[in-house]
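One-letter residues, chain by chain:
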Amino acid sequence: MPRLTDARKRLRRTQIAEAAVRCFSRNGLERTSIADITTESGLSTGSIYAHYRNKADLVQAAAREVLAKRADVLGEYAASDAPPGPDELLSRLIAAIDPAEARVGVQTWGEATTDPTIRDIVVDMTDRMRVMLYDCVTAWLVKVEHHEPSRARERATPIAHRIMALYQAELLYTALRTLPGETVS
């Protein structure tokens, strides 16, 4: 059997994680089985277990996949000559919310209250998102508002915290107002 290249392994892991997100969104975390993900991905059970140890690994991969999308966008914003201000940043984040990803996010938060492994994933993802928002707000304060870097870093913390809270509220709202297969209008 030919060995998979690193690029092919990453592609396969992404394929599996995306299938898991679709299943989690449709069926819920608890009711999704590895067999469901196998069917959704079109891969064998062995292939899935070759890339992920268990469902918690898949939840983590799904969360990382969603966060990676946000990280790319936030990194671009922070690196631009004129990063968006807090209101525009929040508007852009809200506009990019995918209902399926929002449902998986809210389900993951719920599971985090009783499952220590999932809790660790949620805390890690939330901390990473908050740092990315902080970096973006800091860049805006320095580049657009012309604050000294030390003052910008100080001011960015509460602003990033509020953006994060409002973004999470919108994720919850989106998850609650859409059912699997529906889109937000």
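Just above, that's the structure.
Note that the coordinates shown come from a computational prediction; the quantities given were computed from them, not determined experimentally.

Let us now look at the overall build of the protein chain. Within the protein chain one finds 8 helices and 0 strands. Element order for the protein chain, N to C, with α for helix and β for strand: α-α-α-α-α-α-α-α. On the principal axes, the C-alpha backbone points of the protein chain span a range of 55 × 40 × 35 Å. Within the protein chain, contacts between residues at least 6 apart in sequence are counted, and of these 68% link residues at least 24 apart. Accessible area of the protein chain: about 10400 Å², with a carbon and sulfur share of 54%.

All right, on to the packing of helix 7 (residues 116-143) against helix 8 (residues 149-177) then. Remark: helix 7 packs on helix 8, axes separated minimally by 7 Å, with the N-to-C direction vectors making an angle of 130°. Taken as axis vectors, helix 7 and helix 8 run oblique relative to one another. At the point where helix 7 passes helix 8, the crossing takes the right-handed sense.

Moving on, we get to helix 4 (residues 55-79). Under the 1.5 Å per step criterion, the end-to-end length of helix 4 is 36 Å for 25 residues, consistent within 8% with the ideal 36 Å. Taken as a whole, helix 4 has its buried residues at Asp57, Leu58, Val59, Ala61, Ala62, Leu67, Arg70, Leu74, Tyr77 and Ala78. Looking at where helix 4 begins, the residue whose side-chain oxygen comes 3.1 Å from the main-chain nitrogen of Ala56 is Asn54.

Further remarks concern the environment of Phe24. Structurally, Phe24 is set in helix 1 (residues 6-27). As a C-alpha pair, Phe24 and Val59 span 35 residues in sequence and 8.7 Å in three-dimensional space.

The next thing to look at is the pattern of salt bridges. Enumeration over the complete set of coordinates arrives at 7 salt bridges. Two residues, Glu40 and Arg22, come together in a salt bridge whose shortest N-O distance is 2.7 Å. Taken together, the residues span a long stretch of sequence, with Glu40 in helix 2 (residues 34-41) and Arg22 in helix 1 at a distance of 18 residues. Judged by relative accessible area, Glu40 falls into the partly exposed class, the value being 26%. Between Glu154 and Arg151 there is a salt bridge; the shortest N-O distance is 3.1 Å. Of the two residues, Glu154 and Arg151 both sit in helix 8, 3 residues apart, roughly one turn of that helix. The exposure class of Arg151 is partly exposed, given its relative accessible area of 42%. Salt bridges sharing common partners tie together Arg22, Arg26 and Glu40.

Another point: the packing of helix 1 against helix 2. Interaxial distance between helix 1 and helix 2 falls to 9 Å at its minimum, and their mutual angle equals 120°. With respect to each other, helix 1 and helix 2 are oriented oblique. Read as a crossing pair, helix 1 and helix 2 show a hand that is right-handed. Residue-level contacts link Gln15, Ile16, Ala19, Ala20, Arg22, Cys23, Phe24, Arg26 and Asn27 of helix 1 to Asp36, Ile37, Glu40 and Ser41 of helix 2.

Let us look at the packing of aromatic side chains. Here the distance between the centres and the angle between the planes together describe a pair of aromatic rings. Applying the stated criterion across every chain yields a total of 0 aromatic pairs. Sitting over the ring of Tyr77, Arg92 keeps its end group 4.7 Å from the ring centre.

Below, the discussion takes up the environment of Glu170. Within the element layout of this structure, Glu170 appears in helix 8. The partly exposed category is assigned to Glu170, whose relative accessible area is 26%. Sequence spacing of Glu170 and Leu93 is 77 residues, and the spatial spacing of their C-alpha atoms is 9.5 Å. Those residues in contact with Glu170, other than ones at most four positions away along the chain, are Ile94 and Ile97.

We now examine the nonpolar core. In a soluble, globular protein the nonpolar side chains are often hidden away together inside. Among the nonpolar cores identified, the biggest contains 49 residues, and Phe24, Ile37, Leu58, Leu89, Met129 and Leu133 are the most heavily contacted of them. Elements supplying a minimum of two residues to this core: helix 1, helix 2, helix 4, helix 5 (86-95), helix 6 (99-112), helix 7 and helix 8. Among the elements that take part in this core, helix 7 stands out by supplying 12 residues, more than any other. Excluding anything up to four places from it in sequence, Met129 contacts Leu67, Arg70, Leu74, Leu93, Met164 and Tyr167.

What counts and how
- Residues numbered from 1 in each chain as written.
- Predicted model: local features only at pLDDT ≥ 70, side-chain atom pairs only at ≥ 80, totals over all residues.
- Heavy atoms only, no water.
- Helix = DSSP H or I, 4+ residues; strand = E, 2+ residues; numbered from the N terminus.
- Contact = heavy atoms within 4.5 Å.
- Areas by Shrake-Rupley, 256 points an atom, 1.4 Å probe, with all protein chains shown as cover.
- Axes fitted to C-alpha atoms, helices over the stretch in contact; angles between N-to-C directions.
- Parallel < 35°, antiparallel > 145°, perpendicular 65-115°, else oblique.
- Left-handed = near helix turned anticlockwise from the far one by under 90°.
- Expected span 1.5 Å × (residues − 1).
- Buried < 20%, exposed > 50% of the residue type's maximum accessible area, 1.4 Å probe, protein only.
- Polar contact = N/O pair within 3.5 Å; in protein donor to acceptor, adjacent residues only side chain to side chain.
- Salt bridge = Lys/Arg side-chain N within 4 Å of Asp/Glu carboxyl O.
- Phe/Tyr/Trp six-rings, centres within 6.5 Å; stacked < 30°, edge-to-face > 60°.
- Lys NZ or Arg CZ within 6 Å of the ring centre and 35° of its normal.
- Core = buried A, V, L, I, M, F, W, Y, C linked by side-chain atoms within 4.5 Å.

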